[in-house]
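Listed below, chain by chain, are the residues.
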Amino acid sequence: MGKGKISQVVTKQGVVLSDWEMNYYSDMNVQGINSQDYIQMMFCLNEGVSWNIANDRRGVHISKGESCIYRGYGKMEYLCYLGKRDFVFRNVKIPVEYFLRILQDYFDPRETGRYEKKLLSVYLSEVLE
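Below or above, wherever it landed, is the structure these notes cover. Within any chain, residue numbers begin from 1 and follow the written order of that chain's sequence. Only residues with pLDDT of at least 70 are given local features in this predicted model, and only at 80 or more are side-chain atom pairs given and counted; all residues enter the totals for whole chains, interfaces and linings. The side-chain numbers reported here are obtained from all heavy atoms of the structure, hydrogens and water having been left aside.

## A short note on the packing of aromatic side chains
Any pair of Phe, Tyr and Trp rings, taking the six-membered ring for Trp, is counted once the centres come within 6.5 Å. Such a pair is stacked with planes under 30 degrees apart, edge-to-face with planes over 60 apart, and tilted for the rest. Applying the stated criterion across every chain yields a total of 4 aromatic pairs. With a centroid separation of 6.4 Å and 15 degrees between ring planes, the pair formed by Phe87 and Phe89 is classed as stacked. Like Phe89, Phe87 is buried. Through a chain of ring-to-ring contacts, three or more aromatic side chains come together here, namely Tyr24, Tyr81, Phe87 and Phe89. A cation over a ring is seen here: Lys93 above Tyr38, with NZ or CZ 4.6 Å from the ring centre. Each residue is assigned to one of three classes by its accessible area relative to the maximum for its type, calculated with a 1.4 Å probe on protein chains only: buried under 20%, partly exposed between the two thresholds, exposed over 50%. For a lysine, the NZ atom is tested; for an arginine, the CZ atom; a charge sits over a ring if that atom is within 6 Å of the ring centre and within 35 degrees of the ring normal.

Here you go:
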């Protein structure tokens, strides 16, 4: 399929730190469900990628030198890694509950409201029901 190295460390708070280095011999289609239980901070250090979410016309894209904060939808996601390209990512997955504590402890309440609205609206509505 190709060459690569994936390593990860999980902290006692449940934060997952991952390093991804991949190069596939030919185009590689992958799919999986991205958990709603995590906020991800993804850093693209080389070749960029795009992915699509089931039943959603919008896609997500990250290019070399970019980063994004992303929350899984709990739906199937589809991605194609192009062959013979070097993909290098660093990823930090933070459990939503821990992320909320970090917001409350280290950010101004006006900022936390904006972050919660953008990243956690589905999660918060589930918790409040």
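Next comes the rest of the description.
## Quick notes on the pairing of strand E5 (residues 49–53)
Comment: elements are numbered from the N terminus, with helices defined as DSSP H or I runs of at least four residues and strands as E runs of at least two. Of the two faces of E5, only the one carrying Val49, Trp51 and Ile53 is buried; Ser50 and Asn52 on the other face are not. A strand pair is defined by DSSP finding two or more bridges across the two strands. Bridge analysis of E5 against strand E6 (residues 59–62) gives 4 bridges, and the strand direction is antiparallel. Bridged to Asn52 within E6 is Gly59. Two strands pair when backbone bridges link them, and E5 and strand E8 (residues 76–81) are joined in this way by 3 bridges, in the antiparallel orientation. Bridging across to E8, Asn52 finds its partner in Tyr78.

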